[in-house]
Amino acid sequence: CFTEIRRLESLLSLYAPDSELSQLNRTGQLDQPSPEWQSLLNAVQHAHLQTKGGFDPTVQPLWQTYAEYFKRYPDANEGPSSAAIEDALDRTGWEHISYDSKMIRLERPNMQLTLNGIAQGFITDHISRILKEAGYEHVLVELGETRAIGSHPEQRPWSIGIKDANQPTNLHEVAELDNQALATSGSYGSPFSKDGNFHHLIDPITGRPSTAWKSLSVIAPTATQADALSTGLSFASAAEIAALQAAQPNLKVLTQS
């Protein structure tokens, strides 16, 4: 399991300079990508459609714009200029990614991908498959996202505490998992500005960190799906979330305003 975690990180890490993702971001094209890319990018496409564009891993130029601005002006209560945000938006858009088993290409100049909203879930599912194939029937896998293989050994669901976004040392609620996965996204996790109004959850459509929820958790059949949807649905309205749950009864969305 640990060998596979290291191998997948060498493909998908945004921070390792020799990862396949870093190569793609440097050159705009990755030839002969590792086989895992195909299923991962298919999952990105599915989440992108489910969230009506809310999940879009091409937001990395936007993230960099905010990170560089607040590094330069750490006490600022206002974000980058509209011109800077528009410039970053010109380098985003999932529709400008083309891929197949032999090649991945970023079609716009200076585009970059971040897989931070899905890679942890993807790796969690991969490790879960290894454990299931080895015969494990009652396991909780926690690799940043949570995946339950079967039920708890005491023949009950696994109980997973979800942090209170207003008081992270407290629990907001407890989710129950039985052969399911859980992922949570919250604007409180990685703020750029000291007042917390600017953070890492950036709407790929507006270019602004304008989440509708302080915390949003998704229970789904896989950690890949839960991870991506918890990010993409952070920008969705209550009505949009209700419509998705009605269409996908195997999903459960838990929100905190």
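Everything numeric in this text was worked out from a predicted model, so none of it was measured.

**A few points about the sheet that holds strand β3 (residues 103–106)**
Phase 1 of the analysis: Read from one edge of the open sheet, three strands run β1-β3-β2, paired in antiparallel fashion. Strands at the two margins of the open sheet, each flanked by one partner only, are β1 (29–31) and β2 (97–100). Between one strand and the next, the sheet's axes are offset by a mean angle of 5°, whatever the strand orientation.
Phase 2 of the analysis: Sheet strands touched by helix α2 (residues 20–27): β1 and β3. Its angle to β1, the strand with the most contacts, is close to 130°.
Phase 3 of the analysis: Of the strands in this sheet, β1, β2 and β3 are in contact with helix α3 (residues 36–50), which crosses β2 at around 140°.

**Quick look at the sheet that holds strand β8 (residues 181–186)**
Phase 1 of the analysis: Reading across from one edge, β4-β5-β8-β9-β10 is the order of the five strands in this open sheet, with antiparallel pairing throughout. One side of each edge strand has no neighbouring strand; the edge strands of this open sheet are β4 (139–142) and β10 (252–256). The sheet shows a mean angle of 15° between the axes of neighbouring strands, taken without regard to direction.
Phase 2 of the analysis: When β4 meets strand β5 (residues 146–149), the two strands line up antiparallel, connected through four bridges. Across the sheet, Val141 pairs through a bridge with Arg147, a residue of β5.
Phase 3 of the analysis: Relative to β8, helix α7 (residues 223–232) is tilted by about 20°, and along the sheet it contacts β5, β8 and β9 (215–220).

**Considerations on the packing of helix α6 (residues 119–133) against α7**
Phase 1 of the analysis: The contact between α6 and α7 brings their axes to 7 Å, and the two run at 170°. By the angle between their axes, α6 is roughly antiparallel relative to α7. Facing α6, whose interface residues are Ala119, Gln120, Gly121, Phe122, Thr124 and Asp125, α7 presents Ala223, Thr224 and Asp227.
Phase 2 of the analysis: Its residues placed into classes, the contact of α6 with α7 shows three nonpolar, four polar and two charged.

**Looking at unusual backbone geometry**
When glycine is set aside, most residues are seen to have a negative phi, and most peptide bonds are trans.
Phase 1 of the analysis: The phi torsion at Asn110 lies on the positive side, around 65°, for a residue other than glycine.
Phase 2 of the analysis: Residue placement: Asn110 occurs in the loop between β3 and α6.

**As for the nonpolar core**
One broad rule of soluble globular proteins: the nonpolar side chains tend to lie buried together.
Phase 1 of the analysis: The biggest cluster of nonpolar side chains holds 46 residues, and the ones touching the most others in it are Leu12, Trp37, Leu115, Val218 and Leu233.
Phase 2 of the analysis: Beyond its immediate stretch of four places on either side in the chain, Val218 contacts Ala181, Leu182, Ala183, Ala226, Leu229, Ser230, Leu233, Lys252 and Val253.
Phase 3 of the analysis: Formed by 12 residues, the second largest nonpolar core is a distinct cluster that contains Ile85, Ala88, Leu89 and Ile202.

**As for α2**
Phase 1 of the analysis: Taken as a whole, α2 has its buried residues at Glu20, Leu21, Ser22, Leu24 and Asn25.
Phase 2 of the analysis: Summarising the contacts, the buried residues of α2 are in contact with α1 (2–12), β1, α3 and β3.
Phase 3 of the analysis: Among the residues trailing α2, Gly28 stands out with phi positive, at a value near 85°.

**Side note on the pairing of β9**
Phase 1 of the analysis: Of all the six residues making up β9, six are buried; the element is thus mostly covered by neighbouring parts of the structure.
Phase 2 of the analysis: What you see with β9 is no split at all: Ser215, Ser217 and Ile219 on one side and Leu216, Val218 and Ala220 on the other are buried throughout.
Phase 3 of the analysis: Pairing between β8 and β9: six bridges, direction antiparallel. Looking at β9, one finds that Ser185 is bridged to Leu216.

**As for the packing of aromatic side chains**
Aromatic ring pairs are described here by two measures, namely the spacing of the ring centres and the angle between the planes.
Phase 1 of the analysis: This model, assessed by the stated rule, comprises three aromatic pairs.
Phase 2 of the analysis: Seen from their ring centres, Tyr69 and Phe70 are 5.2 Å apart, and the 85° between their planes marks the pair as edge-to-face. For the residue pair Tyr69 and Phe70, the accessibility class agrees, reading buried in each case.
Phase 3 of the analysis: Plain terms: the ring middles of Trp94 and Tyr99 are 6.4 Å apart, the flat faces sit at 45° to each other, and that makes the pair tilted.
Phase 4 of the analysis: For Trp94, a relative accessible area of 4% corresponds to the buried category.
Phase 5 of the analysis: An aromatic cluster is defined as three or more aromatic residues linked by ring pairs; in this entry it consists of Tyr69, Phe70 and Tyr73.

**Let's talk about the pattern of salt bridges**
Phase 1 of the analysis: What the rule picks out here adds up to six salt bridges.
Phase 2 of the analysis: A salt bridge links Arg7 to Glu4; its shortest N-O distance comes to 2.9 Å. With Arg7 and Glu4 both in helix α1 and three residues apart, the pair spans about one turn of that helix.
Phase 3 of the analysis: The residue Arg7 makes a salt bridge to Glu36 at a minimum N-O spacing of 2.7 Å. Of this pair, Arg7 sits in helix α1 while Glu36 sits in helix α3; the two residues are 29 residues apart in sequence, bridging distant segments of the chain.
Phase 4 of the analysis: Residue classification places Glu36 among the buried residues on the basis of a relative accessible area of 16%.
Phase 5 of the analysis: Residues joined by salt bridges that share partners form a network here, namely Glu4, Arg7 and Glu36.

Reading the values: the criteria
Residues numbered from 1 in each chain as written. Predicted model: local features only at pLDDT ≥ 70, side-chain atom pairs only at ≥ 80, totals over all residues. Heavy atoms only, no water. Pairing = 2+ DSSP bridges. Helix = DSSP H or I, 4+ residues; strand = E, 2+ residues; numbered from the N terminus. Axes fitted to C-alpha atoms, helices over the stretch in contact; angles between N-to-C directions. Contact = heavy atoms within 4.5 Å. Parallel < 35°, antiparallel > 145°, perpendicular 65-115°, else oblique. Nonpolar A, V, L, I, M, F, W, Y, C, P; charged D, E, K, R; others polar. Core = buried A, V, L, I, M, F, W, Y, C linked by side-chain atoms within 4.5 Å. Buried < 20%, exposed > 50% of the residue type's maximum accessible area, 1.4 Å probe, protein only. Phe/Tyr/Trp six-rings, centres within 6.5 Å; stacked < 30°, edge-to-face > 60°. Salt bridge = Lys/Arg side-chain N within 4 Å of Asp/Glu carboxyl O.

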